[in-house]
Amino acid sequence: MDPVSHLLRLAKVTATLDRRCLLGAATRMDVGERQFLEAQFHVLLEGECRLLVSDMALDMKPGDFVLIPGGAAHRVITPGEYREVTTAELEEESFITTRSADDGSPVIDLFCGHYAFDPGAGAVLFRTLPNPVHVSFGDSAETDTMLRTLSELMRSEAGNRGPGTSVILSAFSTVLLAMVLRSARGSATGETLWTAPSDPRIAEVVQAVLEEPGNNWSITRLAQLAAMSRATFLRYFTRETGMTVGVFLVRTRVMAAADILSSTGHTVATVAGLVGYGSESAFSRVFRSEVGMSPAEFRRDQFRGERDLRGIRTR
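Report follows, based on the coordinates. Everything numeric here is computed off the predicted structure, so don't read it as measured data.

Note on sheets: strands pair through backbone hydrogen bonds, and any given pair is parallel or antiparallel. Here we have seven strands laid out as an open sheet, ordered 8-9-1-10-3-6-11, and mixed in their pairing. The strands lining the two open edges of the sheet, one partner per strand, are strand 8 (87-91) and strand 11 (133-136). Taken over all neighbouring pairs, the strand axes of this sheet differ in orientation by 20° on average, direction set aside. Bridge analysis of strand 3 (residues 38-46) against strand 10 (residues 109-116) gives eight bridges, and the strand direction is antiparallel. Across the sheet, His42 pairs through a bridge with Cys112, a residue of strand 10. Sheet contacts for helix 4 (residues 165-181): strand 1 (14-22), strand 3, strand 6 (64-68), strand 10 and strand 11; angle to strand 1, the most-contacted strand, approximately 100°.

Okay, here's the thing in structure tokens:
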């Protein structure tokens with residue numbers, strides 16, 4: 001399995017398209033903070049706008065995608081010289097349609113939604129991404145063609161509002177996330193995306209560790225796999241992924257461990273061994289540092305969630 005597909009499976013990502021924004025000129029739309037374990041996204045299909053998040057101003061053009069892994073509150077502003085206009089919402093069955101309160105003619109077509117993910121691998125994955133991620137799919141002929149096709153499908157489905165529209169739009173939103181994660185970097189802001197290194201030698205190392213996190217991956221062995229000297233490998237790996245080899249190994253192993261803990265009955269000691277730790281206590285310390293709870297606590301939370309869902313289904 002390729003690294004991006006592997007990571008999305010581990011993270012248990014689900015996508016929801018929340019709204020379609022057809023905003024007129026000089027409009028301000030405030031977007032509230034998401035809940036824990038939720039990340040927000042925007043994809044601009046037509047027009048231009050500015051997104052203000054934290055202390056950053058991101059100028060978006062057609063084909064731009066912005067992911068806010070931390071789910072922070074932010075603001076979208078459309079260009080215009082007139083007084084600032086607020087928004088009005090129409091809640092429909094599949095999503096909300098947001099327009100300018102003064103009924104001005106739309107100058108942008110913006111789809112907005114969020115991704116939910118699990119507290120183990122999902123939380124680690126999204127925390128390791130730049131915040132925000134800004135990718136311009138229109139900068140590449142290949143991704144531009146894909147986005148144009150996807151855009152037409154999203155617009156068509158949003159206009160039809162037929163049976164299954166929510167599921168279909170959610171699937172399209174997941175496709176967008178996969179396209180982002182396989183981009184070498186956020187082309188509009190320049191951050192490194194470790195999920196898709198541009199150097200094929202480093203990409204091979206990333207895939208090998210994701211596939212077999214329990215192997216005895218020493219720096220020397222990884223450098224040999226990349227056909228580099230140790231010093232060159234360390235330099236290239238940090239440049240391509242934005243993290244050290246040690247941090248990468250820890251996070252990859254914790255993501256794999258979270259998946260095993262939530263899907264099997266293996267003891268914590270067994271899980272530790274499966275992901276490359278000879279000591280249960282060392283594994284537990286690392287897991288708590290990355291996830292915020294011990295492996296045992298994580299498993300109890302997962303079991304409690306599944307038990308609650310089973311209870312709901314049987315009512």
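What follows picks up the thread again.
Spatial strand order, 2-7-4-5: four strands in an open sheet with antiparallel pairing. In this open sheet, the two edge strands, each paired with only one partner strand, are strand 2 (28-31) and strand 5 (56-60). On average, each strand axis in the sheet is tilted by 20° relative to the strand beside it, whichever way the strands run.

Turning to the pattern of salt bridges, a few remarks are in order. Pairing between side chains of opposite charge can happen when the charged atoms of each approach one another. Scanning all chains against the criterion turns up 19 salt bridges. Between Asp109 and Arg155 there is a salt bridge whose closest N-O contact spans 2.9 Å. Of the two residues, Asp109 sits in strand 10 while Arg155 sits in helix 3 (residues 141-160), which places them 46 residues apart along the sequence. Of the residues examined, Asp109 reaches a relative accessible area of 3% and is grouped as buried.

To continue, consider the packing of aromatic side chains. Under the definition given, this model contains 10 aromatic pairs. Here the guanidinium or amino end of Arg221 rests over the ring plane of Trp217, the centre of that ring lying 4.5 Å away. Above the plane of the ring of Tyr236 lies Arg239, whose end atom (NZ or CZ) is 4.4 Å from the centre.

Pro132 follows Asn131 through a cis peptide bond whose omega is 10°. Take Pro132: it is sitting in the loop between helix 2 (121-127) and strand 11. The phi angle at Leu37 is positive, at roughly 70°, despite the residue not being glycine. Locating Leu37 in the fold gives a position in the loop between strand 2 and strand 3. Non-glycine residue Ala227 carries a positive phi angle of around 55°. Owing to a relative accessible area of 66%, Ala227 belongs among the exposed residues under this scheme.

Reading the values: the criteria
- Residues numbered from 1 in each chain as written.
- Predicted model: local features only at pLDDT ≥ 70, side-chain atom pairs only at ≥ 80, totals over all residues.
- Heavy atoms only, no water.
- Pairing = 2+ DSSP bridges.
- Helix = DSSP H or I, 4+ residues; strand = E, 2+ residues; numbered from the N terminus.
- Axes fitted to C-alpha atoms, helices over the stretch in contact; angles between N-to-C directions.
- Contact = heavy atoms within 4.5 Å.
- Salt bridge = Lys/Arg side-chain N within 4 Å of Asp/Glu carboxyl O.
- Buried < 20%, exposed > 50% of the residue type's maximum accessible area, 1.4 Å probe, protein only.
- Phe/Tyr/Trp six-rings, centres within 6.5 Å; stacked < 30°, edge-to-face > 60°.
- Lys NZ or Arg CZ within 6 Å of the ring centre and 35° of its normal.

On their own, these measurements won't tell you what the molecule is for.
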